[in-house]
Amino acid sequence: MTHVPLHDRPDLQVPGRWLRPGAPGYDTARRIWNGMHDRRPAFIAPCSSPEEVSEALRYAARTGLEITVRGGGHNVAGTAVADGTLMIDLSPLRTVTVDHAARVAQAGGGCLLADLDAATTPHDLACPAGVVSHTGLGGLTLGGGYGWLARKWGLTCDHLLAAEVVLADGSVVEATEDDHADLLWALRGGGGNFGIVTRFTLRLRPVGPVHYHTGVYPLAAAQDALAAYRDFAPSQPDDLHTVGALKHAGTADWIPAELHGRPALFLTAAWFGDPDDGPAHTARLFDTTGPAATLVRRMPYAELQSLGDHGEPAGHRYFTKSCYPTDLTPETAAAFIAAAQEIPSALSSIDFEYLRGAIEHVPEEDSAFPSRGAPYIFTASSQWTDPQQDTPNIAWPRRSIERLAPMCTGGAYVNYLHDEAPGRVLEVYGTHRHARLAAVKKAYDPANTFRRNQNIPPTPS
Ligand SMILES: Cc1cc2nc3c(=O)[nH]c(=O)nc-3n(C[C@H](O)[C@H](O)[C@H](O)COP(=O)(O)OP(=O)(O)OC[C@H]3O[C@@H](n4cnc5c(N)ncnc54)[C@H](O)[C@@H]3O)c2cc1C
């Protein structure tokens, strides 16, 4: 039998705005952030309304074509795009409106974090979200959403008040605390399994200038600095967020020349209380850890949100593994430093942050997000450009996180899952939460239409 490519079948008429292979714009639209994923959908359906999303889902149901959903295109595992499928591209859905008095934003399902911040920060408001402004709000919120404000206010999914969702059958519902409350619960951390969110209703928090303090340490001093950080971290007020990274030092003026281009430890503290109180709080960290040099600045919140934008550009190759260490013991710190000594690319880093604060104050029952009590998250992120170097750069995060595994909870952040063994999603959510998510899935997507993701299959009938 002759195989007729789907896009050549005249019986399957598609809207003129959809892109097929060879159409102008197709190659740009199929590209996502991680250059590892060079995939060719059968069609790309740019959607600017829930009706257009419904139309795409109904077409997929009629033809049996599998779908993928693209928010900001930043999922490291590349779930937004797949060969021979229909990519439902939400990137035209980027409108944000802000109700200043109610401290609520309505954000389109294809927004980037930059779109949200651009609309909210002129009101001195923000929704806590991630640390790189070109990340998609959709995937980040549905998987959780760690960021600078997480200890003070909680995760992005904790700020999800309601969502307009297009379900697998093309119908549109509004999930709120009163209506489809089970769906809203699942959207707060259960990923893109339940429907396509075309509008997020998000609670906003007041933000002002941020006191920012960062320090660098030679690798030889990292073990002692991490020991001091371990003592300091649990005593931080929730207004303080501290993060660390082991990576090759850049050539910024404030970094001593002898560290340029060498693996080094960075610790960074950002204070979100009264900025005048910040220096005393951040100095407490740096007085005890003895950095080689520091940089201190007061900056607008919006500037902080884009500080990380240039370090992880679209089109490079990326591979990520993460875990939740139960403590930053000397053994954990040593494994962390050993990983830094083996970094195969000067663009890669192993990052960590101390969590807790408001993240763990949110009642377990309010969301599907697991691992609220984890004290630390570690992420090994490989970044490189040459496909010939894939093997060592994929091996390094795997090896680094495997080495840490005995010191970790066994959980992982669903938004950082990449190339996992079968059953990993079940481990991440735990049996009870996973079963509840599978029941919600059965109610809203019984045929598992939304399966090109960190998948939660419906409870079997
Ligand atoms: C440079 C960079 C920085 C990051 N920083 C952080 C950080 O600070 N904190 C953090 O928590 N995470 C961070 N992440 C991880 C991020 O949360 C995930 O990569 C997330 O999947 C990105 O969402 P996206 O919409 O861009 O992804 P996409 O690749 O577009 O989508 C991923 C999946 O999410 C689902 N999805 C997306 N939008 C929708 C929607 N509107 N409705 C239904 N399903 C949808 C779909 O299943 C889709 O396959 C970062 C990632 C990158 C690449």
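As the structure is a prediction and not an experimental result, all values here were calculated from the model.

### A look at the site of the ligand
In the neighbourhood of the ligand, 33 residues make up the surrounding shell, with Gly71, Gly73, Thr79, Tyr146 and Tyr413 lying closest. Here glycine 72 contributes a backbone N or O atom positioned 2.9 Å from an oxygen atom of the ligand. Those elements that provide at least two residues to the shell around the ligand are β2 (67–70), α4 (137–143) and β9 (196–203). Here the residues of the shell around the ligand are counted per class, giving 13 nonpolar, 17 polar and three charged.

### Describing unusual backbone geometry
Phi angles above zero are rare outside glycine, and arginine 356 is one such case at about 55°. As for its position among the elements, arginine 356 is in the loop between β16 (349–354) and α11 (358–361). The backbone of aspartate 419 shows a phi angle near 55°, a positive value even though the residue is not glycine. Here aspartate 419 lies in the loop between α12 (390–404) and α13 (424–429). A relative accessible area of 43% means that aspartate 419 is categorised as partly exposed.

### Re the sheet that holds strand β3 (residues 86–89)
Backbone hydrogen bonds are what pair the strands of a sheet, in a parallel or an antiparallel way. Pairing in this open sheet of three strands is parallel, and the strands run β1-β3-β2 from one edge to the other. With one partner strand each, in any of the chains shown, β1 (43–46) and β2 form the two edges of the open sheet. Strand-to-strand twist of the sheet, defined as the mean angle between neighbouring strand axes without regard to direction, takes the value 20°. Looking at chain direction, β1 and β3 are connected through four bridges and run parallel. If you follow phenylalanine 43 over to β3, its bridge partner there is leucine 86. Contacts from helix α2 (residues 50–63) reach β1, β2 and β3 within the one sheet, and its direction differs from that of β3 by about 170°.

### Examining the side chain of arginine 188
Residue placement: arginine 188 occurs in the loop between α6 (181–187) and β9. Look at arginine 188 and you get buried, because its relative accessible area is 9%. A polar contact is formed between the side chain of arginine 188 and the backbone oxygen of leucine 160, at a distance of 2.8 Å. Residues in contact with arginine 188, not counting those within four places in the same chain, are Leu142, Cys157, Leu160, Leu161, Glu177, Asp366, Ser367, Ala368 and Phe369.

### Some points on the domain arrangement of the protein chain
Here the protein chain is partitioned into domain 1 (26–89), domain 2 (96–206 + 429–444) and domain 3 (209–416). On a C-alpha basis, the centres of domain 1 and domain 3 stand 32 Å from each other. Taken residue by residue, the interface counts six residues in domain 1 and 12 residues in domain 3. Counting each side, the surface lost to burial between domain 1 and domain 3 is near 730 Å², with a carbon and sulfur contribution of 59%. One can count zero salt bridges joining domain 1 with domain 3. Taken together, the connections running from domain 1 to domain 3 amount to four residue pairs in polar contact (both at pLDDT 80 or more).

### Describing the sheet that holds strand β8 (residues 172–175)
Strand order in the open sheet made by the five strands is β4-β5-β9-β7-β8, with antiparallel pairing throughout. Of all the strands in the sheet, the pair left with one neighbour each is β4 (96–99) and β8. On average, adjacent strands in this sheet sit at an angle of 15° to one another, irrespective of strand direction. Pairing geometry for strand β7 (residues 160–166) and β9, over six bridges, is antiparallel. Following the sheet pairing, leucine 160 is matched in β9 by leucine 202. Across the sheet, α2 lies against β7, β8 and β9, angled at about 50° from β7, the strand it touches most.

Rules behind the numbers
- Residues numbered from 1 in each chain as written.
- Predicted model: local features only at pLDDT ≥ 70, side-chain atom pairs only at ≥ 80, totals over all residues.
- Heavy atoms only, no water.
- Near = heavy atom within 4 Å.
- Polar contact = N/O pair within 3.5 Å; in protein donor to acceptor, adjacent residues only side chain to side chain.
- Helix = DSSP H or I, 4+ residues; strand = E, 2+ residues; numbered from the N terminus.
- Nonpolar A, V, L, I, M, F, W, Y, C, P; charged D, E, K, R; others polar.
- Buried < 20%, exposed > 50% of the residue type's maximum accessible area, 1.4 Å probe, protein only.
- Pairing = 2+ DSSP bridges.
- Axes fitted to C-alpha atoms, helices over the stretch in contact; angles between N-to-C directions.
- Contact = heavy atoms within 4.5 Å.
- Domains from an automatic or database assignment.
- Buried area = accessible area lost by both parts, 1.4 Å probe.
- Salt bridge = Lys/Arg side-chain N within 4 Å of Asp/Glu carboxyl O.

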